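# Structural description and commentary
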Amino acid sequence: METTSRSVAQAPAAEGGQQSASARRTVDGYLLAPFPWYGLDEAFTGPRRLMQVGMAADGAVEHGSIGHGDEPSVRNEHVAASGDEPREKFAVVVTVAANPSRRSADGTGLLEATSVSSAAWLAGVGLLSFTWPGQMDHSLRDDWLEQQTETAWALADDLSGPEWSTLSLPVDGVPTPFHYRESEFGWVLAGSTPAGVHLGAYGRGMSAYGLGFAVVKDITAYA
């Protein structure tokens, strides 16, 4: 799935006017999407934030992420398990448009179809982006990340394989099957909804078993 990401990390709170303008630009990318966005349902009462949108080569929004809980930072398992610093608790929900294979807007090629595997891969790579092994030098992280990204793709392409189990979670109040796997870095899950989108999610420090998902009624509330 050839997409580019538009980062939408929140601006520091110290500059109120700049933060407001940044939040406005942030939500604009989400408003361009022709599909509904999903987040955790109302049972989750913690902080929520817009993260990033991914666009196809023709500028169409294909996917995006909404964060819940702590803001994830790049941590390794040694730091995460340290008694000196509390383990981060976060869950990120990735919404992916359910698109068939189709011609690009300029007619020069085909855009790859999206599937539950697309959501699983995006979630897996999302989790990796906030992790690296504790015994690894920073200079080697790019090589490790490239290798693990390929592994995440292979896992996402084999959702019936032994690395995955099945987990039923509510989506808009309806029990829905998800593919689920855990690693030392956190968990990843992926499934589909009747609303024409695929859902991926990843997290650390929060159990996936108690989560539920629901359509975001007003994405501008995050701005």
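Scroll up for the structure.
The following refers to the structure shown. (Residues numbered from 1 in each chain as written. Predicted model: local features only at pLDDT ≥ 70, side-chain atom pairs only at ≥ 80, totals over all residues. Heavy atoms only, no water.)

### So, unusual backbone geometry
Residue Asp172 is not a glycine yet carries a positive backbone phi of 55°. Looking at where Asp172 falls in the secondary structure, it is placed in the loop between β8 (165-171) and β9 (174-183). Exposure remark for Asp172: the relative accessible area of 41% places this residue in the partly exposed category. (Helix = DSSP H or I, 4+ residues; strand = E, 2+ residues; numbered from the N terminus. Buried < 20%, exposed > 50% of the residue type's maximum accessible area, 1.4 Å probe, protein only.)

### Structural notes on the nonpolar core
Membership of the largest hydrophobic core comes to 33 residues, with the highest contact counts inside it found for Trp37, Leu189, Phe213 and Ile219. Setting aside residues up to four positions removed in sequence, Leu189 forms contacts with Ala123, Leu167, Leu169, Phe178, His179, Tyr180, Leu199, Gly200, Ala201, Ala208 and Phe213. Of all hydrophobic cores here, the second largest spans 23 residues; its members include Ala119, Leu122, Ala156 and Phe185. (Core = buried A, V, L, I, M, F, W, Y, C linked by side-chain atoms within 4.5 Å. Contact = heavy atoms within 4.5 Å.)

### Let's talk about the packing of aromatic side chains
Aromatic rings in a pair are described by how distant their centres are and how their planes are angled relative to each other. Applying the stated criterion to the full structure yields seven aromatic pairs. Between Phe90 and Tyr202 the ring centres are 6.4 Å apart and the planes differ by 80°, which places this aromatic pair in the edge-to-face class. With Phe90 in strand β5 (residues 90-97) and Tyr202 in strand β11 (residues 197-204), this residue pair connects regions lying 112 residues apart in the sequence. The pair formed by Phe90 and Tyr202 is uniform in burial state, with each residue classed as buried. A network of ring pairs unites the aromatic residues Tyr30, Phe35 and Trp37 as a single cluster. (Phe/Tyr/Trp six-rings, centres within 6.5 Å; stacked < 30°, edge-to-face > 60°.)

### Brief notes about a negative patch on the surface
Together, Asp142, Asp143, Glu146 and Glu150 line one region of the surface with negative charge. Mapped onto the fold, Asp142 is located in helix α4 (residues 141-156). Note on Asp142: relative accessible area 59%, which makes it exposed. (Patch = residues over 30% accessible without salt bridge, like charges linked within 9 Å, V, L, I, M, F, W, Y side chains within 5 Å. Areas by Shrake-Rupley, 256 points an atom, 1.4 Å probe, with all protein chains shown as cover. Salt bridge = Lys/Arg side-chain N within 4 Å of Asp/Glu carboxyl O. Lys, Arg positive; Asp, Glu negative; His and termini not counted. Charge placed at Lys NZ, Arg CZ, Asp CG, Glu CD.)

### Details of the pairing of β5
Counting buried positions along β5 yields eight of eight residues, so the element is predominantly enclosed. Inspection of the sheet shows strand β4 (residues 61-69) paired to β5 by seven bridges, in the antiparallel sense. Of the residues in β5, the one forming a bridge with Gly67 is Val92. When β5 meets β11, the two strands line up antiparallel, connected through eight bridges. Its bridge partner being in β11, Thr95 is matched across the sheet by Leu199. (Pairing = 2+ DSSP bridges.)

### Considerations on the pairing of β9
Relative to β9, β8 is paired through seven bridges, and the arrangement is antiparallel. Its bridge partner lying in β9, Ser168 is registered against Pro177. Relative to strand β10 (residues 186-192), β9 runs antiparallel, the two being bridged by five bridges. Its bridge partner lying in β10, Ser183 is registered against Gly186. Between β9 and β10, which pair antiparallel one after the other, the connecting turn spans two residues.

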